[in-house]
Amino acid sequence: MTDVMILGTRKGLLIFERDDLAWRFRSESFKAQPVSHATLDSRTGTLWAAIDHGHWGNKLHRSNDLGVTWAEVAAPTFPESAIMFTGFSEGDEQRASKPAVVSYIWLIQPGGLDQPNRIYIGTEPGGLFQSDDNGETFHLVEGLWNRPEREKWWFGGGRDHPGVCSICVDPRDSRHVLIGISVGGVYETHDDGATWEAKNKGLFANYLPDGYAEFGHDPHFMAMSPSNPDVLWQQNHCGVFRSADSAQTWTDISQKGGPVYFGFPIALDAKDDQTAWVVPAIDAEYRVAVEQALCVCRTAARHGRPCARGCPRLMRSMSYSATRWTLTGGGWHLGRPPATCMCRTIGVIRGSAWVAISRRFIRSDLRRCKV
Amino acid sequence: MPHVRFSSHLQKFFPTLQQNIVVEGKTAAEVVAALNQRYPGLGAYLVDERGALRKHVNIFIGQDMLADRKTLQDAVSDDHILFIMQALSGG
């Protein structure tokens, strides 16, 4: 099968495909529209894209021919009774609230192999939505939304409201799902979403009075090892963490004195549950590229306890915006936007060799114009 | 019946959208509902799931900007022209 790279950007969706080692441009969709997430459902071949229109709201599209044609489907909406919490006003004992509306589609995640029509959508302000008819209709997963700590412990980080930004479906049991909420923490269900429990033991949040609080953590991106689903990794606001017991406990594997601490993406090896890659930035306070470059770090210990030391790969040709790209999947995709201006896209062979996929983004042919 | 004119930007998503449409409606909300009936899905581009006008969308009724952005209860008469457009956010 041809490798396909689906690249969501703030200015549209680009698809590349690879035959042998050569990547070539295949198509462009949603020109000039921000693509908040796109994913290919390998169960059905359906390609999904979420569009974050500045003016017209968040929309959901699907394609059955890998982006040649698209059909818009109704994006998830909150039920009338759902309320979202805003800020505290002076003298208030409770946070103000207002009717909930979907303000951002963070993530589109297909369900398990035994649920061919199951699609999850993670949204801001913290709503997880579920479809069992391949996206014809969605409903709010109320068991999560109705968690009592949502009012006090879920809040915005980077954006105004909390977002469901990671969804991991256990391939051994589709009723077992783990999600990450930024900010809120990790949650787990064993009963297909009816009930949820927080799973943040071992995480530390330096912006909370009690850094080891049960809730209120900020897992920017969490992923489940394809070869060992008990192993989970997360690039958190406050470090890189790994769990070997299905998120019952987390271990901080951030790099002491090195760049591996703050960032957004994390990618896992398809066959080795000891190996992951992160793309750190310099601390939450600065959020700038490490040494003015894209820095990709791989876990140093291939066997035994992983620790994110060493192996920084610096690609000086990359722009800062690239540090927010996500590298996901068993193969490698450059996935999550935003990247308004791309300098160069890259491919990787386990991080040990890097090739330029395309130089088409670099325009060196400056043209003179009369002024 | 009131006339409705649109920003050309919406034609990108609704290619058959005409520039001058006549629909029934005594309020702006009723006009949006009628538009959504004629162009299924168009309503969700203009208002959120609570029926509130999206933050960066404007509706003018004649020369007046819509006052009730939450429920769109501004009155519309038969001789009104409604302009529906995106706000000029960001300069």
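None of these values were measured; they are calculated from a predicted model.

Draft legend 1. Molecular detail of a nonpolar patch on the surface. Residues and elements named next belong to chain A. Taken together, the side chains of Ile282, Tyr286 and Val288 define a hydrophobic patch exposed on the protein surface, amounting to about 270 Å² of accessible area. Relative to the helices and strands, Ile282 is located in strand β23 (residues 276-282). Using a relative accessible area of 34% as the deciding quantity, one classes Ile282 as partly exposed.

Draft legend 2. Region of interest: the sheet that holds strand β16 (residues 185-189) of chain A. Residues and elements named next belong to chain A. The 4 strands are arranged β14-β15-β16-β17 in an open sheet whose pairing can be described as antiparallel. Strands at the two margins of the open sheet, each flanked by one partner only, are β14 (163-169) and β17 (197-198). With 2 bridges connecting them, β16 and β17 associate as antiparallel partners. Each bridged residue has a counterpart across the sheet, and for Glu188 the counterpart in β17 is Glu197.

Draft legend 3. The interface of chain B and chain A, seen in detail. Contacts between the two partners involve 17 residues from chain B and, on the opposite side, 18 residues from chain A. By the criterion of area lost to chain A, the three top residues of chain B are B:Tyr45, B:Glu49 and B:Arg50, representing 51% of everything that side buries. The tally of links from chain B across to chain A stands at 0 salt bridges. For the side of chain B that touches chain A, the elements supplying multiple residues, two or more each, are α2 (42-46) and β5 (81-86) of chain B.

Draft legend 4. Region of interest: the pattern of salt bridges. Residues and elements named next belong to chain A. All chains considered together, the criterion is met by 14 salt bridges over all chains. We note a salt bridge from Arg118 to Asp132, for which the minimum N-O separation is 2.5 Å. Separated by 14 residues along the polypeptide, Arg118 in the loop between β10 (104-110) and β11 (119-124) and Asp132 in the loop between β12 (128-131) and β13 (139-140) bring together distant segments of the chain. According to the relative accessible area criterion, Arg118 is buried, its value standing at 5%. Overall, Asp132 belongs to the partly exposed group, its relative accessible area being 41%. Among the salt bridges present, the one from Lys199 reaches Glu188, with a minimum N-O distance of 3.8 Å. On the criterion of sequence distance, the pair formed by Lys199 in the loop between β17 and β18 (219-224) and Glu188 in strand β16 is long-range, its members being 11 residues apart. The pair Lys199 / Glu188 is uniform in exposure class, with both members buried.

Draft legend 5. Helix α1 (residues 28-38) of chain B, seen in detail. Residues and elements named next belong to chain B. If you check which residues of α1 are buried, you get Ala28, Val31, Val32, Ala34 and Leu35. Projected down its long axis, α1 carries its buried residues within an arc of 160 degrees, all on one side. Elements in contact with the buried residues of α1: β1 (3-6), β2 (20-22), α2, β3 (57-61) and β5.

Draft legend 6. Expanded view of the pairing of strand β6 (residues 57-63) of chain A. All names here are of chain A. In terms of burial, β6 is a largely internal element, 7 of the 7 residues being buried. The sheet contact formed by strand β5 (residues 46-53) and β6 spans 7 bridges and is antiparallel. Each bridged residue has a counterpart across the sheet, and for His53 the counterpart in β6 is Gly57. Here β5 folds back onto β6 in antiparallel fashion, the turn holding 3 residues. Pairing geometry for β6 and strand β7 (residues 71-73), over 3 bridges, is antiparallel. By the bridge assignment for β7, Leu60 is matched with Val73.

Draft legend 7. Looking closely at unusual backbone geometry. Residue and element names in this part refer to chain A. Here the residue pair Glu124 and Pro125 is connected by a cis peptide bond, since its omega of 15 degrees sits within 30 degrees of zero. In this structure, Pro125 sits in the loop between β11 and β12. A cis geometry characterises the amide bond from Ser182 onward to Val183, with omega recorded as 10 degrees. Among the secondary structure elements, Val183 is positioned in the loop between β15 (177-182) and β16. Of note in this structure, Phe30 is not a glycine but carries a positive phi near 55 degrees.

Draft legend 8. Just the nonpolar core, in detail. Counting residues in each nonpolar core, the largest one holds 28 residues, and the members touching the most others are B:Phe6, B:Leu10, B:Leu35, B:Leu42, B:Leu46 and B:Ile59. Counting residues per element, the ones that place at least two in this core are β1, α1, α2, β3 and β5 of chain B. At 5 residues, α1(B) tops the list of elements feeding residues into this core. In this structure, B:Leu10 is in contact with A:Trp56, B:Leu17, B:Leu42, B:Tyr45 and B:Leu46, ignoring residues within four places of it in sequence. Membership of the second largest hydrophobic core comes to 19 residues, among which are A:Leu107, A:Leu128, A:Val141 and A:Phe215.

Draft legend 9. Structural context of the pairing of strand β4 (residues 35-41) of chain A. Residues and elements named next belong to chain A. The buried fraction of β4 is high, at 6 of 7 residues. Pairing of β4 with β5, which is carried by 6 bridges, proceeds in the antiparallel orientation. Its bridge partner being in β5, His37 is matched across the sheet by Ala50. Where β4 folds back onto β5 in an antiparallel hairpin, the turn is made up of 4 residues, including Gly45, whose phi is positive at roughly 80 degrees.

Conventions used here
- Residues numbered from 1 in each chain as written.
- Chains lettered and ligands numbered in written order.
- Predicted model: local features only at pLDDT ≥ 70, side-chain atom pairs only at ≥ 80, totals over all residues.
- Heavy atoms only, no water.
- Patch = residues over 30% accessible without salt bridge, like charges linked within 9 Å, V, L, I, M, F, W, Y side chains within 5 Å.
- Areas by Shrake-Rupley, 256 points an atom, 1.4 Å probe, with all protein chains shown as cover.
- Salt bridge = Lys/Arg side-chain N within 4 Å of Asp/Glu carboxyl O.
- Helix = DSSP H or I, 4+ residues; strand = E, 2+ residues; numbered from the N terminus.
- Buried < 20%, exposed > 50% of the residue type's maximum accessible area, 1.4 Å probe, protein only.
- Pairing = 2+ DSSP bridges.
- Contact = heavy atoms within 4.5 Å.
- Buried area = accessible area lost by both parts, 1.4 Å probe.
- Arc of directions from axis to C-beta.
- Core = buried A, V, L, I, M, F, W, Y, C linked by side-chain atoms within 4.5 Å.

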